[in-house]
Structures are given as C-alpha cells and as structure tokens.
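Spelled out, the chains give:
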Amino acid sequence: KPLRTRAYVRKAEERYYEGPASTPLLDAVDVPADMKRCTMAELKQLSHELRWEVIRQVSKTGGHLGSSLGVIELSVALHYVFDAPEDRIIWDVSHQCYPHKILTGRRSRMPTLRQQGGLSGFQKMAESEYDCFGAGHSSTSISAALGMSIGKKLKRKSKNNCIAIIGDGAITGGMAYEAMNNANYLDARMITILNDNGQVSLPTGTPSAGGVIPSGALSAYTSRLLSSQPFADVRNVAKGLSNLMPPEMQAINAKIDEYARGIVTGGTLFEELGFYYVGPVDGHDLENLIPILQNLRDSPNDNKPVLLHIKTEKGMGYPPAMRASDKMHGVAKFDVGTGQQFKPSGPKRPPSYTSVFAHELIKIAEDDRDVVSITAAMPGGTGMDIFGKRFPKRTYDVGIAEQHAVTFAAGLAVEGIKPFCCIYSTFMQRGYDQLVHDVVIQKLPVRFILDRAGLVGNDGPTHHGSFDLSYLGCLPNIVIMAPADEIDLKNMIATAHSIDNMPSVVRYPRGTSYGADVLKDLFGYDFGPDDTKYADKGKVLPIGKGRIIRKGRGGIDDGKTNKRNKVAILTIGTRLAAALEAAKEIEQQNPDISVTVADARFMKPLDGNLVKSLAKENDVLITMEENSILGFASYVMQFLSLNGLLDDGNLIFRPMTLPDTFIEAATQHQQYDEAGLNAKHVVGTVSKLLDISSKVPVV
C-alpha cells in the first residue's frame, strides 16, 4: 500500500473514532432484565455500544458527557448484578446517569434530553420506576440509600439491596459523613460505591490558595489509597468477605486467610466510620467488577454497611474527552468525530454575567488586598477560575461544602477580611442555617454573590435559583440587590464591597449580558464615543435607591368615566427588559394609556419613596420578578398595606412572579413563557386590568 502523507495521517488522527456501525446488543436491551443472559464477552461489547450511544446522543443535545462516560462499565455491572427497580440504585448528583437511562427503557427518548417536555438530565422519580430517588444536588445518596435499607428492613422484605454511587467530589460534602456515621449505628445493610475519578464536581485545576488539586484531605486520602495499593481482585474480596459472615463462620475462615484481605493494610477512614472497605477496584474492568458486586450482593451480612472504592476515568473511551482539561464535563452540541463543540454563529456575543462579575471583582481586588473569594467546588460556574488565575492565594475552593463556606467566610470577616462568597442561588439553600446563625445575626459583612438566580434553562428545577429573594428577604440586617443588566451588576459588586457593617447579597442570572448596543437602545445608556465607558469600573450605588427607567406619558382622563389609564411596572433584576418592551407596545397600541417602568435595584432596604410615588401617581401597579411567591412582590405589598396605600381602593396591585410550581427543563425563553414573565404576558395582564382588547396571554 502507498505510504500516507503526514498531513493525511494528521487529518485522520484529528477525526478520532466514529464508533461501531451498529449496536446489536444494545438494540436487544429494553430493560435491565434483558442483560441477564449476556456472557462476559457480550457485556464488554454492550459497554462499547453503550459508550458510543451516549456520545452520539449527547452530541445532538448537549449535556453532562464526561461523567457519564466514566461510569459505562459500572452502569452495565450494576444492572447485570442487581434487580432494579426492586434493588435500589441511587446516583449521587445523577448527572452521570445517562447510561442508566438508556439501559432502563429510555433510549428512544434520549433525543429529548434536557429539553422541554423531554427527559431530565438527572434521575427523576416521576420519569421512571428505575429512578428510585431524584437528585441534582450532591451528597444525598448515602442518606437516601440508608433510609431505603431501613425501610425494607422494617417492611421485612426478603431482598434488601440498596446501592448508593457517590463521587469523590460529592463525598466531600458533610451530609455524606453524617449518613455514614448513622449507617453503622443503625446496623444497616447497604452498599456505597465511591466512584473516584479525581474530579471534584466541576473540573479541578483552578489556581487557589490550596493549589490546583481537588479540595481537602479526603481527596488526598483516597488518592493515597489508589497509589499505594494494587487493584483488588475478586479473590482478595472473597477472602475478605468472611468478616461479614456470622461469628462461627468467621472463626473457620480465619484459619484459612487469617483475615489477610490483601487489599488495604491497617485501618482506613471508612472502616473507622463502621464500613467494611473493599478496594481499590478498577471500575472499567468488568471481569473483576461484576464478581465483586455479586459477592457483595450474596453476602449473608444484614448489619454491616460496605464501601466499594472504584477508580474510574472521566470521559473514558472517547479521546477528545480524555484529552480535554475538563474531560468534557458539560458540553454543548458537538461533532462526534472531533469533539469540537458547536459555537453560536454570528457576531461576537457579549460577555456572560459570570465573566462580568469576575473581572469586576479583580479590579476591586487590585486596589484592596483584603478582598478574597470563596467557592464551593464550582470555580468555573461562579467565575472564580478567572479570579483564581489573577489571585490564586486569595481564592478558596472549599469543596462541596456550602455550610462550611458560609461560616468560613464569617470567620474571615471577623478578622477584617472582605470575603466574597460565590455560590449558585440553588446551592445557597444548603448553607441557610449558617447564613442566619453565623452571619446575619452577628451582622458580619460577608458578601454573598448568587450566580444562576432565577430560571437556568436545561438543568431544570434542581438548579433554578427560584427562592433566594423569599428565603433571604425575610431576614433583618441584610442588603439584597439584583441587577437588571451588566452595568448595574458591576455597580452592585462595588456597592457590596463598600458595605462593612452588615451582610449583603447580589443575585444575578445565568447567561449572556446585553452588550453596549442593546443597553443604549433599550435602557438609554450613554457610553460616550466608541462606547469607551461600557468597560468602566462599577460605581457605588446609594443604598436602597431604585430608579425610573421609563416615564409614562400623561395619559387621558376626561373625568366622565372610571377608566384607569396610568400603569406602573416595578421590576427587580432580570425582567426589566421585558417590562420595557411591554410598555412600549402598550403605549403604541393604546394612545390613552401611560406606562411607567421602574427598577427597584434593592429589595432590602426597599426604596419606600419610589414605591409611594408609583402608587400615588398611577392607577395600576405591577411588580415583576424572577423569583417564587413570597418574594419581592410580597415585600412591596406589605409596604403598601402598612402605609395605607391600598386603603382607598384606587390602586390595583398585581404581582408577576414565578408560578407556585416547579418549572421543568427547557430553554430559558421557553421557561419564561411557561412562567408568564415575557413581555407579551405583561401586555396581556395590563390589557385585562384596563379592560382593553388583547390577544396575548394573561397572567
């Protein structure tokens, strides 16, 4: 054959692999029971087909790829050995559950993954009987498995196999240790599988005060276990299982193996917690993994929890993922042959809000050495990867430990440091008691930066930041801000930096900012020649002062009718643009109606003078927020009531909030539509209140 040119070879290498042309074994699996007759060779081939099915499906939808590729063999082994759904299989966080979904009858629906009306990106009880417990947040699986195990015991069920699969990131969460401590105390039969892949939630490698390795001593501990011990094989494990047998059987077997397991010498952390430790085991070796799981399943033990420690590689079997620094953890749609992700076409997009925040904090930190940042294993998601590159010694990644992050920040504040505690809105829920008890009651100046506030799109209800205005707004001694655009985000970061006598909160959305052109057109900003002021550093805002963005025209009142024609829309945060669009449309279609739009900026302290003027000068007052009920609208309504602004019956008040339900995965715009928070819904609401014709939806 003729020799290939170097260019030809290089081009071929760049394409990598396309996977198997057909998937005959996977095609024969509708439910896990279909796998039971497979030989070991067939199980290996099934794993190969499953891996490429995951790659192909995620390439069309986007999603969590690397973590799912890392548990292909484990998923096959679990469903081959155990009898789900009677045997409970719980995936911690569950962003790695795509192989599990395919093997449990949902392969045909994978093209709908993370889309409106489609499959969830996580385990979801309402979706399948094989999803025995929903997830999305971390460190919950061991507690859930323990509860199920005890429940089966109380029900006197003949089979009691409850398996929790938890990663080396999720196991850094304190809740996991609470559950392990309790499991031994309750003498529970359960199996915990520690999936150790060297990645803590989002990828490691962010420069921080602790270096670039995974956070915490536990990660170092499990790494030492893996590096200092050979992989355990089924013969070692079978010998060691004598420790789980009744005492009389143990005495006999002790003469055979003298309790020498050949796995890990001496006590381990997990054994001190009361678990029988097995490992480390190669999580990609089916010939070893399956017999070990079978031995654990068939063990006569009824009162000893087991921890199986496996080593896997995130992105396993797909070269682009294995070579990527983030192991293709979360991806957009991509080309299977190259791994190249598809980027939106067209002009350059404005920066994300996360990026705007990170760069603004860098500017502040350059002038103030007391500024530090804290993240709970989410450096990439909160912008702390950007900040960490500039100030590694002032960046603290505490692992998946939001409770600790909050109180750690409180301790820093006591010493005069200015901590910016950067956590997703939904994850802040996990540190709520610490926020109240350790920060707010003591009025410590911790700056909480809540990314992903509001609706987040394809990750769905477990990741929406729907409740922070509600659970924070009820607290005294706290400043709460929500920017409507990237300029005010910078201003509010500067404002939070300036507040030294109490805690403060800035909540901002997921996604791309507006950019200079849109801000000038819609919000009326003036950035000077060539938009040079767009990149200016943020300015400190007057605390508790909102702003009028659009003043309505005079309106018409002939004094002969009861027609109400002056409307005010008071927004906080992201819905300002929708309110402005609606106001413009309403006035264009109805010459006798006036619509004023205001931006509250602050929920606490509320701009009482602004609210009073809007209430007195208008016939209708609508509040608009990307938060659940009992949030900003409730705060405004209480203010109106206490100040007698509703007593004479001349003001109609309407709140526009997220509905009192969980909104499933979809695009953000689709979710706003479902929530009734797009411009057309404002138009519809005003039309109904003013009794004018409209063909658009009413909230």
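No experiment lies behind these values; they were computed from the predicted model shown.

Spatially, seven strands are ordered β9-β8-β10-β11-β13-β12-β17 in an open sheet, and the strand pairing comes out mixed. Each of the sheet's edge strands pairs with one partner strand only, and the pair in question is β9 (395-397) and β17 (602-604). Neighbour to neighbour, the strand axes of the sheet diverge by 20° on average, direction disregarded. The sheet contact formed by strand β8 (residues 371-375) and strand β10 (residues 418-424) spans five bridges and is parallel. Opposite valine 372, over in β10, you have proline 419 as the bridge partner. Set on the sheet, helix α15 (residues 353-367) makes contact with β8, β10 and β11 (447-451); between it and β8 the angle comes to about 150°.

Quick look at the environment of cysteine 162 now. For cysteine 162, the position within the fold is in strand β3 (residues 162-167). For the pair cysteine 162 and threonine 192, spaced 30 residues apart in sequence, the C-alpha to C-alpha distance is 8.5 Å. Filtering out sequence-adjacent residues up to four positions away, cysteine 162 remains in contact with Arg88, Ala145, Met148, Ser149, Lys152, Met190 and Ile191.

Okay, the sheet that holds strand β5 (residues 276-282) next. On the basis of which strands lie adjacent, the open sheet formed by five strands has the order β2-β3-β4-β6-β5 and parallel pairing. Only two strands of the sheet have a single partner each, and these edge strands are β2 (88-91) and β5. Going from strand to strand, the sheet's axes swing by 20° on average, the running direction of each strand aside. Relative to strand β6 (residues 306-311), β5 is paired through five bridges, and the arrangement is parallel. Bridge assignment links aspartate 282 to a residue of β6, and that residue is lysine 311. Packing against the sheet, helix α7 (residues 141-154) makes contact with β2, β3 and β4 (191-196), and its axis sits at approximately 175° to β3.

Its place among the elements puts proline 305 in the loop between α13 (286-298) and β6. When its relative accessible area of 0% is taken as the criterion, proline 305 is described as buried. If near-sequence neighbours (up to four positions away) are discounted, proline 305 is found in contact with Ala183, Asn184, Ala188, Met190, Gly274, Phe275 and Tyr276.

A few words now on the nonpolar core. Core analysis: the biggest nonpolar cluster contains 56 residues, and Leu65, Leu78, Ile193 and Leu308 have the highest contact counts within it. For isoleucine 193, the contacting residues outside a window of four places in its chain are Leu74, Leu78, Ile163, Ala164, Ile165, Ile166, Leu293, Leu308 and Ile310. In this structure, Leu412, Phe448, Leu606 and Val636 belong to the second largest nonpolar core, which totals 51 residues.

As a packed pair, helix α24 (residues 576-589) and helix α28 (residues 679-689) sit with axes 8 Å apart at the nearest point and diverge in direction by 50°. The angle between the axes of α24 and α28 places the two elements in the oblique class. In this structure, α24 meets α28 at a crossing whose hand is right-handed. Between α24 and α28, the contacting residues are Ala578, Glu581, Ala582, Glu585 and Ile586 on the first element and Ala679, Val682, Val683 and Val686 on the second. Class assignment of the residues belonging to the contact of α24 with α28 gives a composition of seven nonpolar, no polar and two charged.

Relative to the elements of secondary structure, arginine 394 occurs in the loop between α17 (384-390) and β9. Looking at arginine 394, its side chain comes within polar contact range of the main-chain oxygen of aspartate 368, at 2.7 Å. Apart from residues no more than four positions distant in its own chain, arginine 394 is found in contact with Ala365, Asp368, Arg369, Asp370, Val371, Val372, Ser373 and Phe387.

A few words now on unusual backbone geometry. Here the residue pair alanine 84 and proline 85 is connected by a cis peptide bond, since its omega of 10° sits within 30 degrees of zero. On the secondary structure map, proline 85 appears in the loop between α5 (72-81) and β2. Residues other than glycine seldom take positive phi values, yet serine 139 does so here, at roughly 75°. Here serine 139 is to be found in the loop between α6 (98-106) and α7.

Here the focus is helix α22 (residues 486-498). Between its terminal C-alpha atoms α22 stretches 19 Å, which fits the 18 Å expected from 13 residues at 1.5 Å a residue. In terms of burial, α22 is largely enclosed, as 12 of its 13 residues are buried. Of the positions making up α22, those classed as buried are Glu486, Ile487, Asp488, Leu489, Lys490, Asn491, Met492, Ile493, Ala494, Thr495, Ala496 and His497. If you check the start of α22, you find a side-chain oxygen 2.9 Å away from the backbone N of isoleucine 487, and it comes from aspartate 485.

How each quantity is defined
Residues numbered from 1 in each chain as written. Predicted model: local features only at pLDDT ≥ 70, side-chain atom pairs only at ≥ 80, totals over all residues. Heavy atoms only, no water. Pairing = 2+ DSSP bridges. Helix = DSSP H or I, 4+ residues; strand = E, 2+ residues; numbered from the N terminus. Axes fitted to C-alpha atoms, helices over the stretch in contact; angles between N-to-C directions. Contact = heavy atoms within 4.5 Å. Buried < 20%, exposed > 50% of the residue type's maximum accessible area, 1.4 Å probe, protein only. Core = buried A, V, L, I, M, F, W, Y, C linked by side-chain atoms within 4.5 Å. Parallel < 35°, antiparallel > 145°, perpendicular 65-115°, else oblique. Left-handed = near helix turned anticlockwise from the far one by under 90°. Nonpolar A, V, L, I, M, F, W, Y, C, P; charged D, E, K, R; others polar. Polar contact = N/O pair within 3.5 Å; in protein donor to acceptor, adjacent residues only side chain to side chain. Expected span 1.5 Å × (residues − 1).

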